[in-house]
Amino acid sequence: MLLASAAVVWEWLNEHGRWRPYGPAVSHHIEAVARAGPRGGGGGGGSVVLGQADSRLAPYIIDLHSMHQFRQDTGTIRPVRRSYYDPSSAPGKGVVWEWENDSGSWTPYDMDVGITIQRAYEKQRPWVDLSAIGFCYVIDFATMGQINRQTQRKRRVRRRLDMIYPLVSGALPKSQSWPAGPGVAASPPAPACTCPQCLLVMSVKAAVAAGGPPAPPPRKAAPPPVAPKPAPGAAAPDGAARGSLKAPASQASRRQAASAPALSSAGSAASPPGAGDGKASRPSLGTLNRSHLQRLAIAQSRVLIASGVPTVPVKNLTGSSPVNPALAGITGILMSAAGLPVCLTRPPKLVLHPPPVSKSEIQAIPGISHTCRKTSKKQAKKGKTPEEVLKKYLQKVRHPPDEDCTICMERLSAPSGYKGPQPAVKPDLVGKLAKCGHIFHLHCLVAMYNNGNKDGSLQCPTCKTIYGVKTGTQPPGKMEYHIIPHALPGHSDCKTIRIIYNIPPGVQGPEHPNPGKSFTARGFPRHCYLPDSEKGRKVLKLLLVAWDRRLIFAIGTSSTTGESDTVIWNEIHHKTEFGSNLTGHGYPDVNYLDNVLAELAAQGITEESLGQEKD
């Protein structure tokens, strides 16, 4: 046991393996239920409904026995933990450090990072380098900005004051456990929660102990209990004294809790009150058979529907018949409350990058010279005039057919309906494209060419057939490519080609949507992956042609974030997940190579293009 005081922060594990803190109000709520113990009534005896503290977290419930967070509408399960920090650090003072994300909203730093930033801020340092804790960022307090040491990208940061996290004094357990135990200064027992979810859990437990069916939940719930008051000292201003709290030992700035006890340990919530022999009275599986569990699940779904929480169909934990419309997360809570073993399924993990690779393991790609390509702002060669360019691809039509020009939507037998700047072509002339045979007003084709990239190529607006060599408006950047000694899912028989694109932000040129205006470049360097197979190398060679023709990226509006004047993908899909396919941009994907070859062909890049380009 360690005699000290600490600020308690409850945290959850995200898909990237990072522990993210709950806010102070939510941590106070979880801590109050944990201190109340299994017989305190708060949260239904070990279940914490987060929506009572923050309405944005209404779908979430924490089961303190298994130390997991359940999302009721999706069944997603995540570990949670209870961490202890120095009460004189940021969480003990109510200080929150946040960074501005791409959508313009503010995201709090992980607790360790926030504490490090606050410590440097209090020492009046001009900046703090976060590389010591594993992040390649520098925080500049003069400008209140975060600078990426690799890309030099800057973001705004801010410091704000919030409620301080719960404070505990006295003996702190070395391991994480629930209930909090006599060593922690417990607050007075909270009144029993009367929300429908907690009432249902308590009724299930009471029914199991009595050996009878569960009582149906009431139609109307009483008002929720008053939010728990902050621990002593919570109202103290930043830097003020905190009553009788003792200062912790200097070397114990933070003590991390260990794993939670197993569900089947003695003294679980399934033990009836008054059992003094220390042995849990564990009901058998026959106490809650399949039909019993199904009735419980249906009753729970009715409660959730009444409270506005959406439901989804799931499968029985012990069979294949449907339990409609029960929820996987709450079913686990019910079975845990009944003392039954629960097999929880965790969500798959996003794997964006391969394991670390040393320089000696990186290999050049056979048959492809160099390992890097750069592009500049230079434009492709242009024809002398638009009319001269079109003359190469068109045949004159003396007697136009009785149909519409698909550009101006006027009859081909009538003059062009184009109303913009008038090109030096008679509006009644008509031409036919040589390859595809589609017919247009010459006036309209010249206007379309002048509004495009003006690179000497033309693309039929009807069938997208390309005439000449199509180029794009990709801003300057660098493309690296090499082989790494790891296999992609679905391609275990070969290594992997890794492509790294890097485009810095800059100023738009005359070929871009807003010449002279700056553009952003989010998410660079971007890592992409191909199997090192015969077809994978073929795709890479064609991607190199697309890169040289400036067709892989463009400047426009992001369909993901809505940001304008930013670098976006240009209709040639890439795989950016190495070891998973959670976003649809990873492997396995048996059709990807064929699909990307078709997308390249739509840009005019085929095997014939390889002979036109230098390797």
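The structure this text deals with has already been given above.
Residues numbered from 1 in each chain as written. Predicted model: local features only at pLDDT ≥ 70, side-chain atom pairs only at ≥ 80, totals over all residues. Heavy atoms only, no water.

### A word on helix 10 (residues 534-548)
Phase 1 of the analysis: The first and last C-alpha atoms of helix 10 sit 22 Å apart over 15 residues, in line with the 21 Å expected at 1.5 Å per residue.
Phase 2 of the analysis: For helix 10, the set of buried residues is Gly536, Val539, Leu540, Leu542, Leu543, Leu544, Val545, Ala546 and Trp547.
Phase 3 of the analysis: Two residues or fewer after helix 10 comes Arg550, characterised by a positive phi angle close to 60°. (Helix = DSSP H or I, 4+ residues; strand = E, 2+ residues; numbered from the N terminus. Expected span 1.5 Å × (residues − 1). Buried < 20%, exposed > 50% of the residue type's maximum accessible area, 1.4 Å probe, protein only.)

### Some words on the sheet that holds strand 19 (residues 372-375)
Phase 1 of the analysis: An order of 19-25-26-29 is seen for the four strands of this open sheet, with the pairing classed as antiparallel. Strand pairing shows two members of the sheet lacking a second neighbour, strand 19 and strand 29 (526-531), which therefore form its edges. Neighbour-to-neighbour, the strand axes of this sheet turn through a mean angle of 20°, independent of strand direction.
Phase 2 of the analysis: Pairing geometry for strand 19 and strand 25 (residues 477-484), over four bridges, is antiparallel. Considered in strand 25, the bridge of Cys372 is made with Glu480.
Phase 3 of the analysis: Against the sheet, helix 10 makes contact with strand 19, strand 25, strand 26 (496-502) and strand 29, and its axis sits at roughly 170° relative to strand 25, the strand it touches most. (Pairing = 2+ DSSP bridges. Axes fitted to C-alpha atoms, helices over the stretch in contact; angles between N-to-C directions. Contact = heavy atoms within 4.5 Å.)

### Considering the pattern of salt bridges
Phase 1 of the analysis: In total, this model carries 25 salt bridges according to the counting rule given.
Phase 2 of the analysis: A salt bridge links Asp102 to Arg155; the shortest N-O distance between them is 3.0 Å. Of this pair, Asp102 sits in the loop between strand 8 (95-100) and strand 9 (106-108) while Arg155 sits in strand 13 (residues 154-161), placing them 53 residues apart in sequence.
Phase 3 of the analysis: Within this structure, Glu98, Arg158, Arg160 and Asp162 form a network of salt bridges that share partners. (Salt bridge = Lys/Arg side-chain N within 4 Å of Asp/Glu carboxyl O.)

### Here we look at helix 11 (residues 592-602)
Phase 1 of the analysis: Among the residues of helix 11, Tyr592, Leu593, Val596, Leu597, Glu599 and Leu600 are the ones counted as buried. Within helix 11, the buried residues cover an arc of 160° as seen down the axis, which keeps them to one side.
Phase 2 of the analysis: Summarising the contacts, the buried residues of helix 11 are in contact with strand 29 and helix 10.
Phase 3 of the analysis: Count one or two residues on from helix 11 and you reach Gly604, which has phi positive near 85°. (Arc of directions from axis to C-beta.)

### Some points on the nonpolar core
Phase 1 of the analysis: In this structure, Met479, Ile499, Tyr501, Leu530, Leu540 and Leu543 are the most contacted members of the largest nonpolar core, which totals 39 residues.
Phase 2 of the analysis: For this core, the secondary structure elements donating two or more residues are strand 25, strand 26, strand 29, helix 10, strand 30 (553-556) and helix 11.
Phase 3 of the analysis: Ranked by the residues each element gives to this core, the list is headed by helix 10, at eight residues.
Phase 4 of the analysis: Beyond its immediate chain neighbours, meaning those up to four positions away, Ile499 contacts Met479, Glu480, Tyr481, Arg526, His527, Cys528, Leu530, Leu540 and Leu543.
Phase 5 of the analysis: By size, the runner-up hydrophobic cluster in this structure holds 21 residues, among which are Tyr393, Phe440, Leu442 and Val446. (Core = buried A, V, L, I, M, F, W, Y, C linked by side-chain atoms within 4.5 Å.)

Treat this as a map of the structure, not an account of what it does.
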